[in-house]
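Here are the chains, one letter per residue:
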Amino acid sequence: MAQKGVQLDREIISCSICLDLLKDPVTTPCGHSYCMNCIKSYWDEEDEKKIHSCPQCRQTFTPRPVLVKSTMLAALLEELKKTGLQAAPADLCYAGPEDVACDVCTGRKLKALKSCLVCLVSYCEKHLQPHYESPSFKKHKLVDPSKKLQENICSRHDEVMKMFCRTDQQCICYLCSVDEHKGHDTVSAAAERTERQRELEVSRQNIQQRIQDREKDVKELQREVEAINRSADKAVEDSEKIFTQLIRLMEKRSSDVKQQVRSQQETEVSRVKELQEKLEQEITELKRKDAEMKKLSHTEDHTQFLHNYPSLSALSESTSSINIRPLRYFEDVTAAVSELRDKLQDVLRDKWTNVSLTVTEVDVLLPQPEPKTRAGFLQYSRELTLDPNTANTYLLLSEGNRKVTVMSQQQSYSSHPDRFTNYSQVLSRESLTGRCYWEVEWRGGGVYVAVAYKNISRAGSSYECGFGRNNKSWSLYCYNNSYNFRYNNVSTPVSGPQSSRVGVYLDHSAAQSNNFVQLTQCHLKQQLQQAVSQEKPSGYSGKNKIV
């Protein structure tokens, strides 16, 4: 009882701001006491409002009260200190509004040290001891303090949800599994957590790779800015040297060139910096997402992991990457100005336009020119193999899965969810990204050459499964001496010479929405450019023989 009395005295003479024993105690007009420094600091923050309030009862005072030390409280504190009363040790912390409080403590609660997933109770250090000392609690699962323990309780049966229904994608208790979820695909929450944890790690690896790619792009863009500035500065310098020889007649033209170069320099630098800023923002967002995923991956509570996983697993659309290539800046400006010096009369009449156009034709990393010849396409060539797990049962794969033939009898393929059940189609094993080019040789009455997303439907005979009949795929039907391009079930005839070889060019990252087909005498190139999602397309399908 004596000890309890000391504890009560200490709480009464504690400052509600710093939660420690009063130091230089003062009392406000409403009767509450604080440390002098604490209440002064509190009111200093309210000085701009010119209205000061009590932190406990919120009574306001105008003007700011003048506070003096409370001698009676100060004397009482000194007396209590002589009897052994001290401030609470640092590790005996009381729970604040943002803390998890001990569920066992009465009166003023201490911070919880652990939460028990079996008891569904949070404990401070003192009340946690039985979990460490008694064998009865040996199998209990202790995790970091959590305010969401009650979310682990099934609202229907009042039981702990230790199972996960994959059919309905939700956490359930054991009674749920034999009741409304009977016959569903159910596993333990721990097993589902393990699988989702693996998916989470893959997502984190993808994010980290994207961070590295974006950081590399940011550095490249910075070099681009420096190169633009150097080239622009040199162009201005050379132009001024040449224009000084033209005396008064060329002074105005010199000023115009300088203004145009600087204007275009600002435009190009602005474009590059804008993309640079977007990439830096994406890096920041990816790092934040990675930190959240890392925190989630360390969560010991399986149910909380599964609650939060869906909102973190999806990745936002990536900013388009830049490509490194030879660049051309303002060098041609100097050559054009030199020509002005030699042909003054022509410049005044006709050649001035050339100078202006040269300034505006500055070339930077964005965008990259498209290939126009077969040699240009071949620099993006990819070697593809066909995926037996996707092949329709009437297709025979041979020559190391690089040739497919339509057969009259079904082949003995094992059952697989990726297989096309009705359409005679097959996908490549490789996913395609960036710029890719490959060539297909075919024989027979006709063949479909296609590019499709991996999530295209496989089962059934609906248009959702057929290449070119939906918004998940593009196809080119080659037959006799004619061709037909199809997307989203809209067909477009394509003219061109008869050929047994089709060249397919795919720009996965192009932010354009046009599709076009280029024909040459010996081969057909199909360029499919689409602004795409995170899914990567793969190809192709066939009838008769395709190599």
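Here, every reference points to the structure presented above.
Basis of the calculations
- The residue numbers shown here count from 1 along each chain, following its written sequence.
- Selection of residues for local features in this predicted model requires a pLDDT of at least 70, selection of side-chain atom pairs for listing and counting requires 80 or more, and totals for whole chains, interfaces and linings are taken over all residues.
- As a convention, hydrogens and water are excluded, and side-chain values are obtained from all of the structure's heavy atoms.
- Residues enter patches when their relative accessible area tops 30% and they take part in no salt bridge; the joining distance is 9 Å for like charges and 5 Å for the nonpolar side chains Val, Leu, Ile, Met, Phe, Trp and Tyr.
- With residues, only the protein chains shown are counted as cover, and all accessible areas are computed by Shrake-Rupley using a 1.4 Å probe.
- The term salt bridge refers to a pairing of a side-chain nitrogen on Lys or Arg with a carboxyl oxygen on Asp or Glu at a separation within 4 Å.
- Helix and strand definitions follow DSSP, with helices as H or I runs of at least four residues and strands as E runs of at least two, each counted in order from the N terminus.
- Using a 1.4 Å probe on the protein chains alone, a residue whose accessible area is under 20% of its type maximum counts as buried, one over 50% counts as exposed, and one in between counts as partly exposed.
- Any pair of N or O atoms that falls within 3.5 Å is considered a polar contact. Within protein, one atom must be able to donate a hydrogen and the other to accept it, and sequence-neighbouring residues count only if both atoms are side-chain atoms.
- In this description, contact between two residues means that some pair of their heavy atoms is separated by no more than 4.5 Å.
- Within this scheme, the nonpolar core is defined by two criteria: the residues are buried Ala, Val, Leu, Ile, Met, Phe, Trp, Tyr or Cys, and they are joined through side-chain atoms within 4.5 Å.
- Pairs of strands are assigned from DSSP output, requiring at least two bridges between the strands.
- Every angle, taken between N-to-C directions, lies between 0 and 180 degrees, and every axis is a line fitted to C-alpha atoms, over only the stretch in contact when it is a helix.

Participant: Mind showing me how you'd approach a nonpolar patch on the surface here?
Facilitator: Taken together, the side chains of Tyr-174, Leu-175 and Val-178 define a hydrophobic patch exposed on the protein surface, amounting to about 300 Å² of accessible area. Positionally, Val-178 belongs in the loop between helix H5 (174-177) and strand E10 (186-188).

Participant: Before we go on, may I ask you to explain the side chain of Ser-239 in this structure?
Facilitator: Tracing the sequence through the fold places Ser-239 in helix H6 (residues 189-243). Judged by relative accessible area, which is 4%, Ser-239 ranks as buried. Separated by 2.7 Å, the side chain of Ser-239 and the backbone oxygen of Ala-235 make a polar contact. When near neighbours in sequence (up to four residues on either side) are disregarded, Ser-239 contacts Val-257, Val-333 and Val-337.

Participant: Which parts of the structure should I look at to understand the pattern of salt bridges?
Facilitator: One side chain can pair with another of opposite charge once the charged atoms of both are near each other. Evaluated as defined, the whole model comprises 28 salt bridges. Measuring nitrogen to oxygen at the nearest pair gives 3.8 Å for the salt bridge that ties Lys-69 to Asp-24. Residue Lys-69 is found in the loop between strand E4 (60-61) and helix H3 (71-82), and its partner Asp-24 is found in the loop between helix H1 (2-12) and strand E1 (25-27); the two are separated by 45 residues along the sequence. Lys-69 sits in the partly exposed class, given a relative accessible area of 43%. Judged by relative accessible area, which is 41%, Asp-24 ranks as partly exposed. Measuring nitrogen to oxygen at the nearest pair gives 2.8 Å for the salt bridge that ties Glu-268 to Arg-271. Of this pair, Glu-268 and Arg-271 both sit in helix H7 (residues 247-297), three residues apart, roughly one helical turn. Given a relative accessible area of 4%, Glu-268 falls into the buried group. Through salt bridges with shared partners, a single network forms among Arg-166, Glu-192, Glu-195 and Arg-196.

Participant: Which parts of the structure should I look at to understand the environment of Leu-142?
Facilitator: Within the secondary structure, Leu-142 sits in strand E7 (residues 142-143). For the pair formed by Leu-142 and Asp-301, sequence separation is 159 residues and the distance between their alpha carbons is 9.3 Å. Once residues lying within four places of it in the same chain are set aside, the contact partners of Leu-142 are Lys-114, Ser-115, Cys-116, Leu-128, His-131, Tyr-132 and Glu-300.

Participant: Help me understand the nonpolar core, please; the structure alone is not making it clear to me.
Facilitator: Note that soluble globular proteins tend to have their nonpolar side chains buried in a common cluster. Val-261, Phe-330 and Val-333 are the most contacted members of the largest nonpolar core, which totals 44 residues. Counting only elements with at least two residues in this core, the list comes to strand E8 (163-165), strand E9 (170-172), H6, H7, helix H8 (302-313) and helix H9 (331-342). It is H6 that provides the largest number of residues to this core, a total of 14 residues. Formed by 19 residues, the second largest nonpolar core is a distinct cluster that contains Leu-384, Leu-432, Tyr-453 and Phe-485.

Participant: Would you mind going over the sheet that holds E9 with me for this structure?
Facilitator: Reading across from one edge, E9-E8-E10 is the order of the three strands in this open sheet, with antiparallel pairing throughout. This sheet does not close on itself; its edge strands, each paired only once, are E9 and E10. Within the sheet, the average angular offset between the axes of one strand and its neighbour, ignoring direction, is 35°. Bridge count between E8 and E9: three bridges; the pairing is antiparallel. Of the residues in E9, the one forming a bridge with Met-163 is Ile-172. Packing of H6 onto the sheet brings it into contact with E8 and E10, and relative to E10 it is tilted by some 90°.

Participant: Explain the side chain of Ser-428 here, please?
Facilitator: Along the chain, Ser-428 falls in the loop between strand E12 (403-406) and strand E13 (435-443). A distance of 3.0 Å separates a polar atom in the side chain of Ser-428 from the backbone oxygen of Glu-430.

Participant: I would appreciate a short explanation of the pairing of strand E15 (residues 473-479) in the present structure.
Facilitator: Strand residues, when the strand is regular, have side chains that alternate between the two faces of the sheet. Taken across its seven residues, E15 has five buried, putting it largely inside the fold. As paired elements, strand E14 (residues 446-453) and E15 share seven bridges and run antiparallel to each other. By the bridge assignment for E15, Val-447 is matched with Cys-478. Connecting E15 to the antiparallel partner strand E16 (residues 482-487) that follows it, the hairpin turn spans two residues, and Asn-480 within it adopts a positive phi of roughly 50°.

Keep in mind these values describe shape, not function.
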